[in-house]
Amino acid sequence: MFIYRVRLFSLFGFKVYMDASWLLLALLIVWSLALGVFPSLVPGYRMSIYVWMGIAAAAGLLLSIVLHETAHALVARRLEMPIRDITLFIFGGVAEMEGEPTSARGELLMAAAGPVTSAALGLLLMMGSGVAMAVGGFAPAAAVLGYLGTLNWLLAIFNLIPAFPLDGGRMLRAMLWSWRKDFASATRIAAGSGQIFGLILILIGLLQFLRGAVLNGVWLFLIGLFLRGAASLANQEMLTRKILGGEPVSRFMTPNPISVPPDLSIQNLVDDYIYRHHHGSFPVTRDGRLVGCIGTADITMLDRSDWSRRTVAEQMRRCGEDEITTPDTDALQAMAKMSRTKPSRLFVTDGDRLVGVLSLRDLVEFLRVKLELERPRHVQEPGLMLVGPAAR
Ligand SMILES: [Zn+2]
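Calculation criteria
- Residues numbered from 1 in each chain as written.
- Predicted model: local features only at pLDDT ≥ 70, side-chain atom pairs only at ≥ 80, totals over all residues.
- Heavy atoms only, no water.
- UniProt positions renumbered as here; feature names shortened; annotations may be inferred.
- Buried < 20%, exposed > 50% of the residue type's maximum accessible area, 1.4 Å probe, protein only.
- Helix = DSSP H or I, 4+ residues; strand = E, 2+ residues; numbered from the N terminus.
- Axes fitted to C-alpha atoms, helices over the stretch in contact; angles between N-to-C directions.
- Left-handed = near helix turned anticlockwise from the far one by under 90°.
- Contact = heavy atoms within 4.5 Å.
- Nonpolar A, V, L, I, M, F, W, Y, C, P; charged D, E, K, R; others polar.
- Donors = N, O, S within 2.8 Å, 3.2 Å for Na, K, Ca; no water.

1. Overview of the UniProt feature "binding site: Zn(2+)" (unreviewed entry) in the protein
Right, so step 1: The UniProt record marks His 68, His 72 and Asp 167 with the feature "binding site: Zn(2+)" (unreviewed entry), using the residue numbering of this structure. Despite a sequence span of 100 residues, these residues sit close together in the fold, their greatest C-alpha distance being 10.8 Å.
Right, so step 2: Accessibility expressed as a relative area gives 3% for His 68, which makes it buried.
Right, so step 3: Take His 72: it is sitting in helix 2 (residues 47-78).
Right, so step 4: Residue classification places His 72 among the buried residues on the basis of a relative accessible area of 6%.

2. Some points on the packing of helix 2 against helix 4 (residues 139-160)
Right, so step 1: Helix 4 packs onto helix 2 with a crossing angle of 35° between their chain directions and a minimal axis gap of 10 Å. Judged by the twist between their axes, the crossing of helix 2 over helix 4 is right-handed. Residues Ile 49, Met 53, Ala 56, Ala 57, Gly 60, Leu 61, Ser 64, Ile 65 and His 68 of helix 2 form the contact with helix 4, whose own contacting residues are Pro 140, Ala 143, Val 144, Tyr 147, Leu 148, Leu 151, Asn 152, Leu 155 and Asn 159.
Right, so step 2: Here the contact of helix 2 with helix 4 is composed, by residue class, of 13 nonpolar, five polar and no charged.

3. Some thoughts on the coordination of the zinc ion
Right, so step 1: Of the protein atoms, only His 68 (NE2), His 72 (NE2), Asp 167 (OD) and Asp 167 (OD) coordinate the zinc ion, at distances of 2.0 to 2.6 Å.
Right, so step 2: Of note, the zinc ion draws all its donor residues from one chain, in the sequence arrangement H-x3-H-x94-D. In this pair, His 68 is assigned in helix 2 and Asp 167 in helix 5 (residues 167-180), connecting sequence segments 99 residues apart.

Take a look at the structure:
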């Protein structure tokens, strides 16, 4: 999702990052404020004043978003839902949570904290703008504060729209979850509303674009796309979690995997294993015990003429933590490990014995089949429904 993140600072122990894409947002804001909004709000100043006002407003927006996200993160930490860090990117900010919320109440409080903070901040900024106005002579400052105040209110209102992954969508999910006691169906409904809202934004964006408001149109279109993507991802993640969570690796692994004896020559390893089975790395076993791992990376430094003289035992290495797992590890954790460090399979060991291999492809295939079988009945093929009356 991010292009290139730079660490800005830490706030309450949370690391705040800025993605390169945020700079684009900042430029757009400075540009449109300095050329359009501020000259019409407070006319009669030099261009350089308007540019500085634009820069101040962009910096203020950055801080506003950071405070909004920090409010989420503080409540989450209080409720023991760990937050990794905060990132500003082109569509605002995200506080990335590790795993799913632990309770409906927790998610409701965490989600509400952001809009509440933005609304309170908006009120403060508007009051500040009023004071600057009343004292007199601070018209540019009053305009910037007033603008930021309005922006914070818009931030609060937009985020309260009940469309997942917006805060309002999270609140909707939390309420459905506590009412119907079913996290999965609550996620499905909230994510569904996120998809619909995303589509509405896309359509409004297209309309704006056609009516000549090019920038607004493109902007809404992109936000709509982003929301739709995030909503469907949330739904998929939830389904994966539901299917794999609590299931041990032993349920999905292939037992008796192909392993390499230590005294095999590298030439035979290449000819009979790597070229035949198309795996990048193999477990090395002696009497069923895992003694090491060997892969293409371990033999590239060898001269080809040495392949027949060298043995696997000489070139193998200790298997890395990210290459192995155990039969009773949660399958979801194993899948997370594979998607994090990118090996396509994990060797399953019980003590020092190699008992199986778990491949990402098998897990994904299992998920696909399971989802297909568990599809709600009303979307079944029409052909299947015709079988009913005929069979009777
Ligand atoms: Zn929020």
